[in-house]
Amino acid sequence: MIRIIIAFIIFLCVMAISPFLIDEKGYILIAMGNTTIELTVLSAGIMLTLLFIALVISLKLVRGGLNFSFGTWNKLAFAGQRRGIANFNKGLAAYMLEDYSQAEELFAKSAIPSKRKQSAYLLAASASAKLDLNSNTNHYLALLDKETIKLKDVGLESVIVNIKLLMNQDKTETDAKARTLIDENHKQIGHDARLLALEIDLCIIEQRFTQAVHYLAAGRKEKTITDETVQAWERLAYFGSFNDSIKQHDSKALHDNWNGLSRKVKQREAVLFSYCKVLAENEITDPLNKLLVPLFKKSPSVDFLKKVRSLPIKQADELILIVQKQLHKNVHSGKWLSCLGHLALKSKQYSMAEKAFGSLIKLEDEEYGKQYDRQDLQALAYVHSQQGQYQSADSIWLKASTL
């Protein structure tokens, strides 16, 4: 703009000076019908320059006015959306601060004006789920479902969150909806570990244990799934599978189920103890002893023996004999004294259990240190109560509660 003004100033100067240089003013004659306009070259140049300047100023004023009117309209038209976005952002802050009630309200309020319906309804459902408001959660998920139908490509992450919210409600109808969503995205299970994990969890909830066991092979290969999670799945899935075999069929079906597993899978503790638990609950003694006796002879770890004491073994004579042999080698072994006490308790040999737990507790005063835990004390208190020694039982219960 500055260059244009400078150019016209130079042009004006030339127009003003040139007539004097040539000693001739010069004339311009404009005839329109009976009207004639006579101008000198200088006056015509000045008028054109002034006209140009006026035109430039007018354009500036018009454009400024348009900008002002468009800016005003924009502020008025999008004020609601800006408030919606502000509420959405406040909702995020409230969610991060674990103020889920406020977060739910803000997300619900911001969904339509912010034009972020999918995210707002999903987060509102999550916030209400944190407050165990299942009716609200289902309401937002229903609104979310209406929105996702309109979209051609819904992110898998949104689907996964939706499935989790449905499963966390622990209701048959919501589990059915979760199943529908998983089945609709079934092709992604082999490519996304999160969806695979939800599939296994849902199979266990639905008691489809055979299908859960089928997916466990893929679950073990996923690096993002921890071994603790896999073991928890194995305990539930394999126990359910073994239990179904004997409940729906017979002990032969149970043995066939176990024998159908690979050697590597059988060696996994979660699988082994699931099978042993079903055998113990159904008092199938010989196969149970066949599995545990070799392991007892190898002097297993403390953790292994602690898992054994959770088995409801009612006929434990063969195992007790092996434990006693181990104690002959080391009478101060806390793990074997504990094991003996629990096996004797499960088989209702209360006198033997009392002696074993008594010896275990006495180890606290010797150089070996304290080798018992709360479960040992609770078992001893139960033994005392079964023998009518209620004062001793109360004393041990009190000691267990402070441990």
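Just so it is clear, the model here is predicted, and its values are computed rather than measured.

Attention shifts here to the nonpolar core. By size, the foremost hydrophobic cluster in this structure holds 98 residues, and its most contacted members are Ile-163, Phe-242, Leu-292, Phe-296, Ile-313 and Leu-343. Sort the elements by how many residues they give to this core and helix α9 (residues 193–205) lands first, with nine residues. If we skip the residues at most four places from it in the chain, Ile-163 touches Ala-178, Leu-181, Ile-182, Leu-195 and Leu-198.

A few words on the confidence of the model for the protein. For the protein, the average pLDDT comes to 81, and 80% of its residues sit at 70 or higher. The spread of mean pLDDT over the elements of the protein runs between helix α1 (residues 2–22), the lowest at 61, and helix α14 (residues 269–281), the highest at 94.

Now for the pattern of salt bridges. Counted by the stated rule, this structure contains 14 salt bridges. Notably, a salt bridge pairs Arg-194 with Asp-192, separated by 2.8 Å at the nearest N-O pair. Of the residues examined, Arg-194 reaches a relative accessible area of 40% and is grouped as partly exposed. Across the salt bridge formed by Asp-227 and Arg-268, the nearest N and O atoms sit 3.6 Å from each other. Highlighted residues: Asp-227 in helix α11 (residues 227–248) and Arg-268 in the loop between α13 (263–266) and α14, separated in sequence by 41 residues. The exposure class assigned to Asp-227 is partly exposed, which follows from its relative accessible area of 41%. Look at Arg-268 and you get partly exposed, because its relative accessible area is 24%.

Take the packing of helix α20 (residues 374–386) against helix α21 (residues 390–401) next. Angle between the axes and distance between the axes are the two parameters that describe a pair of packed helices. Two elements in contact, α20 and α21, have axes separated by 8 Å at closest approach and are oriented at 165 degrees. Judged by the inter-axis angle, α20 sits roughly antiparallel to α21. The hand of the α20/α21 crossing is left-handed. In this structure, α20 contributes Arg-374, Leu-377, Gln-378, Leu-380, Ala-381, His-384 and Ser-385 to the contact, and α21 contributes Tyr-390, Ser-392, Ala-393, Ile-396, Trp-397, Lys-399, Ala-400 and Ser-401. Counted by class, the contact of α20 with α21 contains eight nonpolar, five polar and two charged residues.

At their nearest, the axes of α11 and α14 sit 8 Å apart, and the two run at 35 degrees to each other. For the pair α11 and α14, the sense of crossing is right-handed. Contacts between α11 and α14 involve Gln-231, Glu-234, Arg-235, Tyr-238, Phe-239, Phe-242, Asn-243 and Ile-246 from the first element and Ala-270, Val-271, Ser-274, Tyr-275, Lys-277, Val-278 and Glu-281 from the second. Considered class by class, the residues forming the contact of α11 with α14 number eight nonpolar, three polar and four charged.

For the rest of this paragraph, the subject is the environment of Val-293. Along the chain, Val-293 falls in helix α15 (residues 285–297). Through-space distance from the C-alpha of Val-293 to that of Ile-322 is 7.6 Å; in sequence the pair is 29 residues apart. When residues no more than four places from it in sequence are discounted, the contact partners of Val-293 are Glu-318, Leu-319 and Ile-322.

Let us now look at a nonpolar patch on the surface. Nonpolar side chains collect at one region of the surface, where Leu-50, Ile-53 and Ile-57 lie side by side and expose about 280 Å² of accessible area between them. Looking at the secondary structure, you find Ile-57 in helix α2 (residues 41–77). Judged by its relative accessible area of 47%, Ile-57 is partly exposed.

Cut-offs used in this document
- Residues numbered from 1 in each chain as written.
- Predicted model: local features only at pLDDT ≥ 70, side-chain atom pairs only at ≥ 80, totals over all residues.
- Heavy atoms only, no water.
- Core = buried A, V, L, I, M, F, W, Y, C linked by side-chain atoms within 4.5 Å.
- Buried < 20%, exposed > 50% of the residue type's maximum accessible area, 1.4 Å probe, protein only.
- Helix = DSSP H or I, 4+ residues; strand = E, 2+ residues; numbered from the N terminus.
- Contact = heavy atoms within 4.5 Å.
- pLDDT = per-residue confidence, 0-100.
- Salt bridge = Lys/Arg side-chain N within 4 Å of Asp/Glu carboxyl O.
- Axes fitted to C-alpha atoms, helices over the stretch in contact; angles between N-to-C directions.
- Parallel < 35°, antiparallel > 145°, perpendicular 65-115°, else oblique.
- Left-handed = near helix turned anticlockwise from the far one by under 90°.
- Nonpolar A, V, L, I, M, F, W, Y, C, P; charged D, E, K, R; others polar.
- Patch = residues over 30% accessible without salt bridge, like charges linked within 9 Å, V, L, I, M, F, W, Y side chains within 5 Å.
- Areas by Shrake-Rupley, 256 points an atom, 1.4 Å probe, with all protein chains shown as cover.

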